[in-house]
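# Topology and contacts: notes
The chain contents come next:
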Amino acid sequence: MNHEDFQAGQHTIVLDNLSYLALRVAYIDAGRGEPLLLLHGIPMWSYLYHDVIGPLAKTCRVLAPDFLGHGYSDRRDRFDRSLCAQRDMILRFLDALEVDQVTVVGHDTGGGVALMMGIEHPDRVKRLVLSNVVAYDSWPIDDMIALSNPMWRDKPASEVAAFVASGLSDGIHNPERLTDEFRAGIVAPYSDEEGKISLIRNASALNTNHTMALVERHRDITAPTLVLWGVHDPWQPIADGERLAEEIPNARLVRLENASHWLQHDAPDAFARNVLAFVSAT
């Protein structure tokens, strides 16, 4: 699916009590059944999941929001985009949709949010899937540290989008999956002036302290947990997945041998199959 068609299928909701502004959140709501919440990371948006939403939605109600400042959610330069702010948004989002409990699938910074939810809001998390998540002190990566420099605001949006696109190949193991359509889809929200500034602010909000504050609390997670990891990830190493699986009670590690960081796109069939098997078995 191209990004234009994906965006056309998004819903929009406006949430208050997150900032002095009411903030707009774009999201996919597909299928029926148990709610399954898909959380992306940076510099992604929910389009990252476009190849797995269909298979997952055959048996689940799939909710895939764009984080604040990401994709086609609110991109104004007037609010926090940290993991804590995204966690608060997700809780308000679920409240607004009257969804009490979900299976949370977290990837990259979305995985940091998923860990927070599993620790701090166990009543909202029925199951937890952690896929190549930010954890411990392995993040932010060099590209995001560079992008957080406010001097990037003086560069044209096309240059910022090209910088993001140039790094996508490092997170793909199967070269045939790195298509022009995928590149174009990921950078589309950041290819105008508002999107460019929003992406810079997203990068500047990354804070290792937010995951280090969770380390001693991983053992407090009560939800059944699947640690689903692309083993060729150059940024979030498999060692972190192994450590999480050891520290979280009732956690199981599945290694995807033919996948890297963007495993939802790199190995979509294996990703969807493992998530659905986990949901059906727990």
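Structure shown above.
Let us look at the structure shown here. (Residues numbered from 1 in each chain as written. Predicted model: local features only at pLDDT ≥ 70, side-chain atom pairs only at ≥ 80, totals over all residues. Heavy atoms only, no water.)

## Description of the environment of Met 144
Inspection of the secondary structure puts Met 144 in helix 5 (residues 142-147). Along the backbone, Met 144 and Leu 199 are 55 residues apart, and their C-alpha atoms lie at a distance of 9.6 Å. Once you skip the residues sitting within four places of it in the chain, Met 144 turns out to touch Ile 42, Ala 203 and Leu 206. (Helix = DSSP H or I, 4+ residues; strand = E, 2+ residues; numbered from the N terminus. Contact = heavy atoms within 4.5 Å.)

## Observations regarding the packing of aromatic side chains
Per the counting criterion, the structure on display carries eight aromatic pairs. Summarising the aromatic geometry, the rings of Phe 6 and Tyr 47 are spaced 5.5 Å apart at their centres and angled 80 degrees between planes, so their arrangement reads as edge-to-face. Of the two residues, Phe 6 is situated in helix 1 (residues 3-8) and Tyr 47 in the loop between strand 3 (34-39) and helix 2 (50-57); the sequence distance between them amounts to 41 residues. Here Tyr 47 falls in the buried class, since its relative accessible area comes to 0%. When the ring of Tyr 49 is compared with that of Phe 271, the centres are 6.3 Å apart and the planes differ by 55 degrees; the resulting orientation is tilted. (Phe/Tyr/Trp six-rings, centres within 6.5 Å; stacked < 30°, edge-to-face > 60°. Buried < 20%, exposed > 50% of the residue type's maximum accessible area, 1.4 Å probe, protein only.)

## Points about helix 6 (residues 157-167)
For helix 6, the full list of buried residues reads Ala 157, Val 160, Ala 161, Val 164, Ala 165 and Gly 167. Down the axis of helix 6, the smallest arc covering the buried residues is 165 degrees, so these residues share one side. When the buried face of helix 6 is taken as reference, the exposed residues oriented beyond 90 degrees from it are Ser 158 and Ser 166. Considering only its buried residues, helix 6 is in contact with helix 5, helix 7 (180-187) and helix 8 (193-204). (Arc of directions from axis to C-beta.)

## Considering the pairing of strand 7 (residues 225-230)
The element strand 7 is largely enclosed, with a buried count of six among its six residues. On strand 7, burial covers both faces: Thr 225, Val 227 and Trp 229 on one face and Leu 226, Leu 228 and Gly 230 on the other are all buried. Here three bridges tie strand 6 (residues 125-133) to strand 7, and the two strands are oriented parallel to one another. Directly across from Val 129, in strand 7, lies its bridge partner Leu 226. Bridge analysis of strand 7 against strand 8 (residues 251-256) gives six bridges, and the strand direction is parallel. Bridge pairing in strand 8 links Thr 225 to Ala 251. In this fold, the crossover linking strand 7 to strand 8 by way of helix 10 (residues 238-247) has right-handed handedness. (Pairing = 2+ DSSP bridges. Right-handed = clockwise from strand over helix to strand, strands pointing away.)

## Re the sheet that holds strand 2 (residues 23-30)
Read from one edge of the open sheet, eight strands run 1-2-4-3-5-6-7-8, paired in mixed fashion. Where the open sheet ends on each side, the last strands, each with one partner, are strand 1 (11-15) and strand 8. Taking the axes of each pair of neighbouring strands and ignoring which way they run, one obtains an average angle of 25 degrees across the sheet. As defined by bridge partners, strand 1 adjoins strand 2 across five bridges and the pair is classed as antiparallel. Across the sheet, the residue bridging to His 11 is Tyr 27, located in strand 2. Most of the contacts of helix 10 go to strand 8, to which it runs at about 160 degrees, and overall it touches strand 6, strand 7 and strand 8. (Axes fitted to C-alpha atoms, helices over the stretch in contact; angles between N-to-C directions.)

## Thoughts on the environment of Asp 269
Locating Asp 269 in the fold gives a position in helix 12 (residues 268-281). On the basis of relative accessibility, which here comes to 60%, the residue Asp 269 falls in the exposed class.

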